[in-house]
Amino acid sequence: MAIANLKDGDDCKVIGGTHAGKCGKVRDINTSKTGHITITVVQENGDRFKTLGKNVVVIPQENP
């Protein structure tokens, strides 16, 4: 998954880092001073956490 394809509102799953295994929606995509992409993930229960963009994969939307 190319990090450049991340969009606000995408469903994602965290595959690395502290929050590995958690799923949610991508929010607040930022680029740090060092060039790393950081995002906020909002889970269905409302919990939020920040992670690096390289630690997530987008879950494809099902087309009816």
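So, here is what we can say about the structure in this document. A quick note: this is a predicted structure, and the numbers were derived from the prediction, not measured. (Residues numbered from 1 in each chain as written. Predicted model: local features only at pLDDT ≥ 70, side-chain atom pairs only at ≥ 80, totals over all residues. Heavy atoms only, no water.)

## Describing the pairing of strand 4 (residues 48-52)
- Residues Phe-49 and Thr-51 line the buried face of strand 4, whereas the alternating positions Arg-48, Lys-50 and Leu-52 sit on a face that is not buried.
- Counting the residues that bridge the hairpin from strand 3 (residues 37-42) to strand 4 gives five residues, and of these Gly-46 lies at a positive phi of roughly 95°. (Buried < 20%, exposed > 50% of the residue type's maximum accessible area, 1.4 Å probe, protein only. Helix = DSSP H or I, 4+ residues; strand = E, 2+ residues; numbered from the N terminus. Pairing = 2+ DSSP bridges.)

## Some thoughts on the sheet that holds strand 5 (residues 56-58)
- Pairing in this open sheet of five strands is antiparallel, and the strands run 4-3-2-1-5 from one edge to the other. Each end of this open sheet is capped by a strand with a single partner; those strands are strand 4 and strand 5. Across the sheet, the axes of successive neighbouring strands diverge by a mean angle of 45°, strand direction being ignored.
- The pairing of strand 1 (residues 11-14) with strand 2 (residues 23-31) spans three bridges and is antiparallel. For Asp-11, the partnering residue across the bridge sits in strand 2 and is Lys-25. (Axes fitted to C-alpha atoms, helices over the stretch in contact; angles between N-to-C directions.)

## A look at unusual backbone geometry
- Phi angles above zero are rare outside glycine, and Asp-28 is one such case at about 45°.
- Locating Asp-28 in the fold gives a position in strand 2.

## Points about the pattern of salt bridges
- If you walk through the whole model with that rule in mind, you get three salt bridges.
- Between Asp-11 and Lys-25 there is a salt bridge, with its nearest N and O atoms 2.8 Å apart. Of this pair, Asp-11 sits in strand 1 while Lys-25 sits in strand 2, and the two are 14 residues apart along the sequence.
- By relative accessible area, which is 23% here, Asp-11 ends up partly exposed.
- According to the relative accessible area criterion, Lys-25 is partly exposed, its value standing at 33%. (Salt bridge = Lys/Arg side-chain N within 4 Å of Asp/Glu carboxyl O.)

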